[in-house]
Amino acid sequence: MSNDMTKGDVFKTLLYFTVPLILSGLLQQLYYITDSIIVGNFIGEAALATIGVSSPVLNIFIYVITGLVSGYTILISQFYGAKEYIKVSRLTNTFFVFIVASSCLAALLGLIFKENILVLLHTPNEILNSASDYLAIVFAGIPAVVIYNLCSSLLRGIGNSKTPLYAIVISSIVNVALDLIFIRLFNWGIKGAAIATVIAQILSCVYLLVYIHKNYPMFKISTNRSLIDFTLFIESMKLGLPRVIQTSVASVGALLLQNIMNSFGIDVVTAITTAYKIDTLTILPIINISVAISIFVGQNVGADNMARAKEGLHKGIIIILSISIAITAIVVSGGWIFMKAFGVSNSVADIGQRFFRICAIFYPILGLENAYGAFLQGNKDVIFSSVGNVLTLAVRVILSYTLASSLKVDVIAISEMCSWVLGAIIFYTRYKSNRWIKEPV
């Protein structure tokens, strides 16, 4: 069921769309966190560190392709808001052909170069082989992850945030069950966690493909040449390429930051990578509300209603600040307990708790950064927003390397906190300047 965001009460429309989006994001991360909890408790801390050091390597390939999907999402929301349904169908089918080929290539490159990347990152020798084995299996699931994201983007772009939630519910249940079977019952170790994840990803992908085929005949995915439109594809690529550059730089930055963490030893690697899993989960509502703002703005820009688009931003900020303040209180007070849920030692949990106490109080600032950035993206101001994100990442990496010797492990949290403040200032200034109106992309 689609949701036309160009009419009705702004706050209710935004909230109605946002709640399933938040739940989808939380479940998608629980998907990965469940692996870590089960691995940490049933295999050990070394296996937990294996997943931690593998994630940035995997993300390099996923982020590049999903960065391109961002341009597709912006156009889908605007075309749907303008009632140009034929363009939605043509763009979807053209993008599907491209994304399948690209994701298969990404998976192949990952399999070929995984060990080289792990060595370059100074991955501790005791987990090098297990990390390589884990990546070999998980890379095979990249096409399913990418197709799921494409289908989700289509549904969310036309206002349907519930169906992607149902897909994640199904795959999350399957993932937990298979984790327990493969790790606890079959004793497959870290490989079992990887296999469970890939199977669950494939299920969510197939579910959405079947749903779209049955319920949205106009938008169903086909390789029919008559539905291929390279003009629309190029337009979406122009919007997506700046995001690809941003996410590529972000992935390299994540590897550089992983290199800093690896230099502090396996306890710090385990603590910070585990803390990031918790951090990623807790800030997901912030990220997903910003996605809702972007789609809401896109539909209303397509309908030529800028006043309503701005009202969506303002109501979205109210929601995002309320949630971020609540998340701050939860994480600061319960960070140590959350760390222990992963089966880590007290000393590792202490490092993670220190990370939270530095970072979490700035979650409202992160919320503002994402809200204003989402508004700019919904207006196709993607070049500026991407450059702004690259700049904040550069500051984060520079601070991490220059202050590592004096701040030690605290440098990771402090540098991230500073990048959020800078990002909020950059995007708010851009929004107030109105230059995004005069310089459309």
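The preceding data block contains the structure.
Residues numbered from 1 in each chain as written. Predicted model: local features only at pLDDT ≥ 70, side-chain atom pairs only at ≥ 80, totals over all residues. Heavy atoms only, no water.

Details of the overall build of the protein
Put simply, the test is: Strands are runs of DSSP state E lasting at least two residues, helices are runs of H or I lasting at least four, and both sets are numbered from the N terminus onward. With C-alpha atoms as the basis for the radius of gyration, the globule rule is written as 2.2 Å multiplied by the number of residues raised to the power 0.38. Three labels apply to residues, based on accessible area from a 1.4 Å probe with only protein chains included: buried if under 20% of the type maximum, exposed if over 50%, partly exposed otherwise in between. All accessible-area figures derive from a Shrake-Rupley calculation using a 1.4 Å probe, and residue coverage is judged against the displayed protein chains alone. Charge counting follows a simple rule: Lys and Arg are positive, Asp and Glu are negative, and His as well as the terminal groups are ignored. Taken as the charge centre is NZ of Lys, CZ of Arg, CG of Asp or CD of Glu, depending on the residue.
Secondary structure summary: the protein contains 16 helices and 0 strands in total. Relative to the 2.2 N^0.38 estimate, which gives 22 Å for 441 residues, the radius of gyration of the protein is 21 Å and therefore close to what a compact globule would have. Expressed along its principal axes, the backbone C-alpha trace of the protein runs to roughly 55 × 45 × 35 Å. By the burial criterion, 57% of the 441 residues in the protein qualify as buried. Within the structure as shown, the protein displays about 17,500 Å² of accessible surface, and the carbon and sulfur contribution to it stands at 67%. The protein carries 29 positive and 21 negative side-chain charges, and their two centres are separated by 7 Å.

Quick look at helix α3 (residues 85-120)
As a reminder, the rule being used: A residue's bend is the angle separating two fitted axes: one through the seven residues that end there, the other through the seven that start there.
A bend of about 55° at F113 is the largest found in α3. Just past α3, the residue H122 takes up positive phi, approximately 55°.

Some points on the side chain of N160
Rules: Two N or O atoms form a polar contact when they lie within 3.5 Å of each other; inside protein one atom must be a possible hydrogen donor and the other a possible acceptor, and for residues adjacent in sequence the pair counts only when both atoms belong to side chains.
Note that N160 resides in the loop between α5 (142-157) and α6 (162-185). Here N160 falls in the buried class, since its relative accessible area comes to 2%. A polar atom in the side chain of N160 sits 3.1 Å from the backbone nitrogen of T163.

Describing the nonpolar core
Short version of the rule: Definition used in this section: a nonpolar core is a set of buried Ala, Val, Leu, Ile, Met, Phe, Trp, Tyr and Cys residues joined via side-chain atoms within 4.5 Å. Contact criterion: two residues are considered in contact whenever any of their non-hydrogen atoms come within 4.5 Å of each other.
Ranked by size, the top nonpolar core spans 67 residues in total, and within it Y72, L91, F95 and I142 carry the most contacts. If you list the elements that add at least two residues to this core, you get α1 (10-42), α2 (45-81), α3, α4 (125-138), α5, α6, α7 (189-215) and α8 (230-263). Looking at this core, the element that brings in the most residues is α2, giving 18 residues. When near neighbours in sequence (up to four residues on either side) are disregarded, Y72 contacts L91, T92, F95, L150, S153, L154 and S236.

Quick word on the packing of helix α9 (residues 266-282) against helix α11 (residues 306-340)
This is how it is decided: As a rule, the C-alpha atoms of each element are fitted with a line to give its axis, helices using only the stretch in contact, and angles between N-to-C directions run from 0 to 180 degrees. The crossing is said to be left-handed when, going from far helix to near helix, the turn is anticlockwise and less than a right angle, and right-handed when the turn is clockwise.
Running from N to C, α9 and α11 cross one another at 145°; their axes reach a closest spacing of 11 Å. α11 is crossed by α9, and the crossing has right-handed handedness. For the pair α9 and α11, the contacting residues are A271, T274, A275, I278 and T282 in the first and I327, V331, F338 and M339 in the second.

So, the packing of aromatic side chains
Stated precisely, the cut-off is as follows: In summary, the pairing rule links any two rings of Phe, Tyr or Trp, Trp by its six-membered ring, whose centres are within 6.5 Å, and it sorts them by plane angle into stacked for under 30 degrees, edge-to-face for over 60 and tilted for everything else. Note on criteria: charge over ring means Lys NZ or Arg CZ within 6 Å of the ring centre, with the direction from the centre no more than 35 degrees off the ring normal.
In this structure the tally under the stated criterion is 16 aromatic pairs. Following the ring pairs from residue to residue traces out a cluster consisting of Y372, F375, Y428, Y431 and W436. When the ring centre of F384 is taken as reference, the NZ or CZ atom of R430 above it lies at 4.3 Å.

Remarks on the packing of helix α10 (residues 284-302) against α11
Our working rule: Orientation labels follow simple angle bins: below 35 degrees gives roughly parallel, above 145 gives roughly antiparallel, 65 to 115 gives roughly perpendicular, and whatever is left gives oblique. Under the scheme applied here, ten amino acids are nonpolar (Ala, Val, Leu, Ile, Met, Phe, Trp, Tyr, Cys and Pro), four are charged (Asp, Glu, Lys and Arg), and all others, including Gly, are polar.
Two elements in contact, α10 and α11, have axes separated by 9 Å at closest approach and are oriented at 175°. In terms of axis orientation, α10 runs roughly antiparallel to α11. When α10 is examined against α11, the residues P285, I286, I289, S290, I293, F296, V297, N300 and V301 are found in contact with a partner set consisting of M306, R308, A309, G312, L313, G316, I319, I320, I323, S324 and I327. Here the residues of the contact of α10 with α11 sort into 14 nonpolar, 5 polar and 1 charged.

Considering the environment of I330
Among the structural elements, I330 can be located in helix α11. Once residues within four sequence positions are removed from consideration, I330 is found in contact with G335 and F338.

A short note on the pattern of salt bridges
Definition in use: A pair is scored as a salt bridge if a Lys or Arg side-chain nitrogen falls within 4 Å of a carboxyl oxygen belonging to Asp or Glu.
Applying the stated criterion to the full structure yields 5 salt bridges. Residues D381 and R430 are paired through a salt bridge, measuring 3.0 Å at the closest nitrogen-oxygen approach. Of this pair, D381 sits in the loop between α13 (363-378) and α14 (382-407) while R430 sits in helix α15 (residues 410-433), and the two are 49 residues apart along the sequence. Among the salt bridges present, the one from R396 reaches E416, with a minimum N-O distance of 3.6 Å. Taken as a pair, R396 in helix α14 and E416 in helix α15 lie far apart in primary sequence, 20 residues in all.

A look at α6
We count it as follows: Take the number of residues in a helix, subtract one, and multiply by 1.5 Å to get its expected span.
Under the 1.5 Å per step criterion, the end-to-end length of α6 is 34 Å for 24 residues, consistent within 8% with the ideal 34 Å. Of all the residues in α6, the buried ones are T163, P164, L165, A167, I168, S171, S172, N175, L178, D179, F182 and I183. Of the residues trailing α6, N187 is marked for its positive phi of about 60°.

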